[in-house]
Amino acid sequence: MLGMSAAIAGPVSAASTVYGSSQLKYTVNATASVSIAVNYDPVTGSIKNAVAGSILPSAAGSCSAAVAEGTNATLTFGGISPPGAGYTGCYYKNAISIGVQSNDASGVKVIQYLDVAPAGTAVCIFPLGAANTLNALPTASGAAGNPAAYTGAACPTVNSVSGNLLSALGAVTAGTGFGAAGAPAGVTTDVTANPTATVYTAGGTTVYTGSTGLSGVTFKYLGEDVQMNVNGTAASGAATSVITVAVIPQ
């Protein structure tokens, strides 16, 4: 009898775990931001707002010295003396830092262009660093001496960097100033909420395309030099142009 009682008092098996579920469906929207720093410091990525930049002339004495740009997102070339034949090129080192922040899994395109290209002028840009690459900081310019000017058919190659001629896509839409709305943490850039720019349609110069290294929380950078070229057909007097940087999610 004792054995029978012990058997009856033994443990009862627990019920099996059962499950239910509900589904969550959502879409993460693609985001993109751009920052602009003119006359940038490649060590910090910040603008050198109180320090004059560096302009290299294609011919000695043909370009004015650079000035301190402040926070106006302006490249001041000053006076340029056209030659009797061909072009004078004024080459601005560490001219523009472009910062990009995006979570777009399909990547982004970074495209540049002018609003207008007056007769007798040509603007060349020189993306620095490895081709089609964004970096933790904008690459430093290695240009020196007297870089060759635009030939009338092509931009020069300077310190092994091939120049790209910017095309003009039309008039700008007025905004709150020049620069960009993006403001990277710890980096001083040219910030404006609604930048003056030309709306992108087609064409322009693509300086980056892809998604490598992009993040929705961290800016990555492209540094570039800019060369302003003028020949004898350019009208005398003060003039301005606008370079638009368009970051287009894919």
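Residues numbered from 1 in each chain as written. Predicted model: local features only at pLDDT ≥ 70, side-chain atom pairs only at ≥ 80, totals over all residues. Heavy atoms only, no water.

**Q** Describe the side chain of Ser62, listing the residues and the values that go with them.
**A** With respect to the helices and strands, the residue Ser62 is situated in the loop between strand 2 (55–57) and strand 3 (87–102). For Ser62, the side chain forms a polar contact with the main-chain oxygen of Ala59, separated by 2.5 Å. Leave out the neighbours within four places in its chain, and Ser62 touches Pro57, Gly79, Ile80, Ser81, Thr88 and Cys90. (Helix = DSSP H or I, 4+ residues; strand = E, 2+ residues; numbered from the N terminus. Polar contact = N/O pair within 3.5 Å; in protein donor to acceptor, adjacent residues only side chain to side chain. Contact = heavy atoms within 4.5 Å.)

**Q** Explain a nonpolar patch on the surface to me, using residue names and the numbers behind them.
**A** Taken together, Leu24, Tyr26 and Val28 make up a surface patch of nonpolar side chains, about 430 Å² in accessible area. Structurally, Leu24 can be placed in the loop between helix 1 (2–8) and strand 1 (32–38). By relative accessible area, Leu24 is classed as exposed at 74%. (Patch = residues over 30% accessible without salt bridge, like charges linked within 9 Å, V, L, I, M, F, W, Y side chains within 5 Å. Areas by Shrake-Rupley, 256 points an atom, 1.4 Å probe, with all protein chains shown as cover. Salt bridge = Lys/Arg side-chain N within 4 Å of Asp/Glu carboxyl O. Buried < 20%, exposed > 50% of the residue type's maximum accessible area, 1.4 Å probe, protein only.)

**Q** Give a description of the environment of Thr44 that names residues and reports values.
**A** By the element assignment, Thr44 lies in the loop between strand 1 and strand 2. Along the primary structure Thr44 and Leu137 are separated by 93 residues, whereas in three dimensions their C-alpha atoms are 7.2 Å apart. With sequence-adjacent residues up to four places away left out, Thr44 is seen in contact with Leu137 and Val187. Of the polar contacts made by the side chain of Thr44, one reaches the backbone nitrogen of Ser46; its length is 3.2 Å.

**Q** With reference to specific residues and values, describe the sheet that holds strand 11 (residues 243–249).
**A** Read from one edge to the other, the open sheet built from three strands follows the order 9-4-11, with strand pairing classed as antiparallel. In the strand order of this sheet, the two ends are held by strand 9 (205–210) and strand 11, each with one partner. The mean angle between the axes of side-by-side strands here comes to 15 degrees, regardless of whether they run parallel or antiparallel. One ladder, built from five bridges, connects strand 4 (residues 108–114) with strand 9; its direction is antiparallel. The residue of strand 9 that forms the bridge with Val108 is Gly210. (Pairing = 2+ DSSP bridges. Axes fitted to C-alpha atoms, helices over the stretch in contact; angles between N-to-C directions.)

**Q** So what's going on with the state of the cysteines? Which residues, and what values?
**A** The full count for this structure, using the stated rule, is two disulfides. The disulfide bridge from Cys63 ends at Cys90, spanning 1.9 Å between sulfur atoms. One disulfide, between Cys63 and Cys90, carries an S-S torsion of -90 degrees and so falls in the left-handed class. Of this pair, Cys63 sits in the loop between strand 2 and strand 3 while Cys90 sits in strand 3, and the two are 27 residues apart along the sequence. (Disulfide = S-S within 2.5 Å.)

**Q** I'd like to hear about the packing of aromatic side chains, residue by residue, with values.
**A** Aromatic rings considered in pairs are described by the distance between their centres and by the relative angle of their planes. For the coordinates displayed, the defined rule picks out four aromatic pairs. Between Phe77 and Tyr92, the aromatic rings sit 5.7 Å apart at their centres with planes inclined by 75 degrees, giving edge-to-face as the arrangement. You can see Phe77 sitting in the loop between strand 2 and strand 3 and its partner Tyr92 sitting in strand 3, a full 15 residues away along the chain. Here Phe77 falls in the buried class, since its relative accessible area comes to 12%. (Phe/Tyr/Trp six-rings, centres within 6.5 Å; stacked < 30°, edge-to-face > 60°.)

**Q** Lay out unusual backbone geometry with the relevant residues and their values.
**A** With phi around 55 degrees, Asn39 is a residue other than glycine that occupies positive phi space. Among the residues examined, Asn39 registers a relative accessible area of 1% and is labelled buried. Here the phi dihedral of Asn94 falls at roughly 45 degrees; this positive angle occurs in a residue that is not glycine. With respect to the element layout, Asn94 can be found in strand 3. Here Asn94 falls in the buried class, since its relative accessible area comes to 11%.

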